[in-house]
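# Tertiary structure, described
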Amino acid sequence: AGQRRYLAALGSYMDALRGIDSSQPAGRALLADLGLHIIDDFVTEDEERELVDYWGPGSPVHAFGTNELISGRRWFNYGPILPRATTGTTKSTLTVIPAQLGRMPPVVSRQRLQERIRAHVERLVPGKRAHLRQNDFDQMYVNYYNHATGANIDFHHDNHTCMHGIVAG
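Residues numbered from 1 in each chain as written. Predicted model: local features only at pLDDT ≥ 70, side-chain atom pairs only at ≥ 80, totals over all residues. Heavy atoms only, no water.

## Topic: the sheet that holds strand β3 (residues 140-144)
Taken in spatial order, the three strands of this open sheet run β1-β2-β3, and their pairing is antiparallel. Lying at the two open borders of the sheet, with one neighbouring strand each, are β1 (66-67) and β3. Note that strand β2 (residues 74-78) and β3 share five bridges and pair antiparallel. Note on β3: the bridge partner recorded for R74 is Y144. (Pairing = 2+ DSSP bridges. Helix = DSSP H or I, 4+ residues; strand = E, 2+ residues; numbered from the N terminus.)

## Thoughts on the environment of S59
Residue placement: S59 occurs in the loop between α3 (45-55) and β1. Those residues in contact with S59 that lie beyond four places of it in its chain are D53 and Y54. From its side chain, S59 meets the backbone nitrogen of H62 in a polar contact 3.1 Å long. (Contact = heavy atoms within 4.5 Å. Polar contact = N/O pair within 3.5 Å; in protein donor to acceptor, adjacent residues only side chain to side chain.)

## What about the confidence of the model for the chain?
Residue-level pLDDT values for the chain average 79, and 75% of them are 70 or greater. By mean pLDDT, helix α1 (residues 2-19) is the weakest element of the chain at 82, and α3 is the strongest at 95. (pLDDT = per-residue confidence, 0-100.)

## A few points about the environment of N152
Here N152 is to be found in the segment after β3. Setting aside residues no more than four positions away along its own chain, N152 makes contact with S71 and Y145. A distance of 3.3 Å separates a polar side-chain atom of N152 from the backbone oxygen of G150.

## Notes on the nonpolar core
Grouped together as the largest cluster of nonpolar side chains are 11 residues: L51, W55, V61, F76, Y78, M104, V107, V108, L113, M140 and V142. If you list the elements that add at least two residues to this core, you get α3, β2, α4 (106-110) and β3. In contact with M104, not counting residues within four places along its chain, are Y78, S109, Q114, F137, D138, Q139 and M140. (Core = buried A, V, L, I, M, F, W, Y, C linked by side-chain atoms within 4.5 Å. Buried < 20%, exposed > 50% of the residue type's maximum accessible area, 1.4 Å probe, protein only.)

## A closer look at the pattern of salt bridges
Close approach of charged atoms allows side chains of opposite charge to pair. Tallied over the entire structure, the rule returns four salt bridges. Among the salt bridges present, the one from D46 reaches R49, with a minimum N-O distance of 2.7 Å. With D46 and R49 both in helix α3 and three residues apart, this pair spans about one turn of that helix. Overall, the relative accessible area of 55% leaves D46 in the exposed class. Judged by its relative accessible area of 45%, R49 is partly exposed. Residue R116 is joined to E47 by a salt bridge in which the shortest nitrogen-to-oxygen separation is 2.9 Å. The burial state of R116 is the same as that of E47; both residues are buried. (Salt bridge = Lys/Arg side-chain N within 4 Å of Asp/Glu carboxyl O.)

## What about the packing of aromatic side chains?
What the rule picks out here adds up to three aromatic pairs. Consider the rings of Y54 and W55, whose centres lie 4.8 Å apart with planes at 75°: the pair is edge-to-face. Accessibility expressed as a relative area gives 6% for W55, which makes it buried. One aromatic cluster is present, built from ring pairs that chain together Y54, W55 and Y78. Positioned above the aromatic ring of F42 is the side chain of R116, whose terminal nitrogen or guanidinium carbon lies 4.9 Å from the ring centre. (Phe/Tyr/Trp six-rings, centres within 6.5 Å; stacked < 30°, edge-to-face > 60°. Lys NZ or Arg CZ within 6 Å of the ring centre and 35° of its normal.)

## Let's talk about helix α5 (residues 113-124)
For α5, which comprises 12 residues, the first-to-last C-alpha distance of 16 Å matches the rise-based estimate of 16 Å (1.5 Å per residue) to within 8%. When α5 is considered as a whole, its buried residues turn out to be L113, Q114, R116, I117, R118 and V121. Residues of α5 that are buried in the fold lie against α3 and α4. (Expected span 1.5 Å × (residues − 1).)

Printed below as a string of structure tokens:
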């Protein structure tokens, strides 16, 4: 009975979100209730350009990415070990991938992205501050979607178990 009530409440939220502009306060409040916080202009246009240039085609790093079979996206992972291919699914086949690219890249450190994310979490997630450690946000997963090759974002579930409960994207 509890699961049925939970799913009904979640369904009501989803219905409400379909009818509300998530850029408006009411939509943002509904998303925040679900644990999703949107930060406008988290990176500047110049920072965004620098990030795209770092991982885009023709960059020295691009060749080290891996193509995901179903979506056609090219991805790059940094930090601890991630899971690898999951069998029995038609969605993302990612389940343990050694973080072949190692620690955070220089562009992320230069832009202080980890520190900026940590500061937003401390502000937006009450009670989380005491649990944040220096090594939190030590994992990064970069996706590059090339329209020319038909790469796409498909319905998927992020593997929150290896992300300590907080996903920033």
